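# Examining the three-dimensional arrangement
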Amino acid sequence: MKKEQTVELRITDINNLGCGVGRYEGVVVFVKGAVTDDVVSAKIIKVTKSYCVGRLERIITPSAHRVEADGCRAPLACGGCVYRNISYEYELELKTNYVRNAFRKAGLSEVSVLPTKSAGREYGYRNKAQYPVVQTKNGIKAGFYASKTHNIIPCENCVIQNEEFAPIVDFVCRFGDSHGWSVYDEGTGRGLLRHIYMRIGEKTGEIMVCLVINGDTLPSEAEFANSIIGNFPEIKSVMINKNTENTNVVLGKEYRLLFGKSYIEDELCTLRFKISPDSFYQVNRDGAELLYGIAKEKAELSGNEILMDLYCGTGTIGLSMAEKAKKLCGIEIVSAAVDCARENAKENGISNAEFLCADAGSKEVILSAAGGVRPDVVVIDPPRKGSTRELVSTLADLCVPRIVYVSCDPDTLARDCVWFSECGYEVGVVQPVDLFPRTGHVESVVCLTRKE
């Protein structure tokens, strides 16, 4: 195999990065945009000892799984919706297999993995958007970074973002053009406007607009705030975020309010939550309700249990279960998130919840948070890197009867389930949930039960 060589491939699989997988004379070839059962012509653009990468040149025979009319205007280089070219039914099948394969590779092939559940909404589900901006010959444009680069692809109307965002983004760009706003350049570190950051409470309709700038102020800030709320009355919060660091982190630490409140509100699982610019809130509200409902079922609460929510963030999962528990104890290492969790409990009249700012890895911290007794049910929702051996050992030493594990990464979930199994837990049925349609990500929920 040589670079620039053109080959004909039958695609036999597709991975969670959206690359079709084929073989040419025994060599694996990955082709972005190719779909299982396609026959394609691809030009080899990368050759390694173990695989090659091809660029899709032509679809000779299209797969039955292939769809083209997804409404997305972004070029393939965007890389956001890796499954944009396949049917949603096949996407759910792929995600189920992704989870099953993760458990198989971890040595837990006997664990049952159910078909992936979905809230049923493929597009327009994202309630949070971060648009980098670029200066073009036609003015300021907003869009997204091309896959694995910092090259901005102009695209205001992303099909998985909430449809309310696009006209607001267009307004911001036009206002910036007419008032001489400069745009940040990563190469020189100069220019003001870096990102347009927005959130929406889908149940309440409240919208937050936050402009991330490389400086202290923007020209005509007050006029901008008055103008944008005049055109979009659903906007309840207009903020400035200062980020003068040479970094790819979107948000800086300083916020300044231009109009309205420093937060918006939304309803989730019949509860009302305040959402600040930097607080965690699931980007797919309907999917989160489905996910939390499954976790609540697996917790099997009767009203007499001490429920512990580890990695609790702003408390959304634990608070959604609190009515079924005798007491809820949440532990989170980020102090600002703990403050939000306490506020959320207070705003919803939940009096049986307490939240502690601490690292949940030690037995002493867990016992202290639970009032000196062992919790009956523990919910963990760790970051993508998964939990730790220390925490698994701690929960096992405490002989916690049930652990409900909510995961955003099948591979680390399977690894952690091996650890729990080694510590005397039975791995229950795994339920994948699609919180991020058209992307390669999948959430999962499983209950781990202490063996007698």
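Residues numbered from 1 in each chain as written. Predicted model: local features only at pLDDT ≥ 70, side-chain atom pairs only at ≥ 80, totals over all residues. Heavy atoms only, no water.

## Details of the pairing of strand β10 (residues 193-200)
Within β10, eight of the eight residues are buried, which leaves the element mostly enclosed by the surrounding structure. One ladder, built from five bridges, connects strand β7 (residues 128-136) with β10; its direction is antiparallel. By the bridge assignment, Q130 is partnered in β10 with Y197. Hairpin connection of β10 to strand β11 (residues 207-213): six residues between the antiparallel strands, including G205 at a positive phi of 85°. (Buried < 20%, exposed > 50% of the residue type's maximum accessible area, 1.4 Å probe, protein only. Helix = DSSP H or I, 4+ residues; strand = E, 2+ residues; numbered from the N terminus. Pairing = 2+ DSSP bridges.)

## Some thoughts on the pattern of salt bridges
In the structure shown here, the tally under the stated rule is 24 salt bridges. A salt bridge links K95 to D434; the nearest nitrogen and oxygen atoms lie 2.7 Å apart. Note that K95 is positioned in helix α1 (residues 88-105) and D434 in strand β22 (residues 431-434), a separation of 339 residues in sequence. For the pair K95 and D434, a shared accessibility class is recorded, and that class is buried. R389 is the salt-bridge partner of E422, the closest N and O atoms lying 4.0 Å from each other. Of this pair, E422 sits in helix α9 (residues 410-422) while R389 sits in helix α8 (residues 389-397); the two residues are 33 residues apart in sequence, bridging distant segments of the chain. Accessibility expressed as a relative area gives 56% for E422, which makes it exposed. (Salt bridge = Lys/Arg side-chain N within 4 Å of Asp/Glu carboxyl O.)

## Observations concerning the sheet that holds strand β4 (residues 39-47)
Paired through their backbone hydrogen bonds, the strands of a sheet run either parallel or antiparallel. If you walk around this closed barrel you meet the five strands as β1-β2-β3-β5-β4, and the pairing is mixed. Adjacent strand axes in the sheet meet at a mean angle of 50°, parallel and antiparallel pairs treated alike. Across five bridges, strand β1 (residues 6-14) lies against β4 in antiparallel orientation. Each bridged residue has a counterpart across the sheet, and for L9 the counterpart in β4 is V40. (Axes fitted to C-alpha atoms, helices over the stretch in contact; angles between N-to-C directions.)

## Points about the side chain of T116
Positionally, T116 belongs in the loop between α1 and β6 (117-118). A polar side-chain atom of T116 sits 3.5 Å from the main-chain carbonyl oxygen of L92. For T116, the side chain forms a polar contact with the side chain of T96, separated by 2.7 Å. When sequence neighbours within four positions are dropped, the list of residues in contact with T116 reads L92, K95, T96, Q431, P432, V433, D434 and V442. (Polar contact = N/O pair within 3.5 Å; in protein donor to acceptor, adjacent residues only side chain to side chain. Contact = heavy atoms within 4.5 Å.)

## Here's the deal with the nonpolar core
Among the nonpolar cores identified, the biggest contains 87 residues, and I196, L211 and I228 are the most heavily contacted of them. L413, A414, C417 and F420 belong to the second largest nonpolar core, which has 40 residues in total. (Core = buried A, V, L, I, M, F, W, Y, C linked by side-chain atoms within 4.5 Å.)

## As for the packing of helix α2 (residues 165-178) against helix α3 (residues 221-231)
Taken N-terminus to C-terminus, the directions of α2 and α3 make an angle of 145°; their axes are 11 Å apart at the nearest point. For α2 against α3, the interelement crossing comes out right-handed. Contacts between α2 and α3 involve I168, F171, V172 and F175 from the first element and E223, F224, S227, I228 and N231 from the second. Taken together, the residues of the contact of α2 with α3 break down into six nonpolar, two polar and one charged. (Left-handed = near helix turned anticlockwise from the far one by under 90°. Nonpolar A, V, L, I, M, F, W, Y, C, P; charged D, E, K, R; others polar.)

## Regarding the packing of aromatic side chains
Enumeration according to the criterion identifies eight aromatic pairs in this entry. Between W181 and F224, the ring centres sit 5.4 Å apart and the planes meet at 65°, which makes this aromatic pair edge-to-face. Of this pair, W181 sits in the loop between α2 and β10 while F224 sits in helix α3, and the two are 43 residues apart along the sequence. The same class applies to W181 and to F224, which are both buried. Aromatic rings pair up to connect F171, F175, W181, F224 and F232 into one cluster. For the cation-ring pair, R194 lies above Y184, with the distance from its terminal atom to the ring centre recorded as 4.0 Å. (Phe/Tyr/Trp six-rings, centres within 6.5 Å; stacked < 30°, edge-to-face > 60°. Lys NZ or Arg CZ within 6 Å of the ring centre and 35° of its normal.)

## A look at the environment of Y425
If you trace the backbone, Y425 turns up in strand β21 (residues 425-427). In this structure, the C-alpha to C-alpha distance between Y425 and I403, residues 22 residues apart in sequence, is 9.1 Å. If we skip the residues at most four places from it in the chain, Y425 touches L395, A396, C399, V400, P401, I403, F420, L448, T449, R450 and K451. One polar contact links the side chain of Y425 to the main-chain carbonyl oxygen of L395, over a distance of 3.3 Å.

## Concerning the packing of α8 against α9
Contact geometry for α8 and α9: axes closest at 10 Å, N-to-C directions at 35°. Crossing hand, α8 versus α9: right-handed. Listed contacts from α9 to R389, V392 and L395 of α8 are W419, F420 and E422.

Remember, this is a structural readout, not a statement about activity or role.
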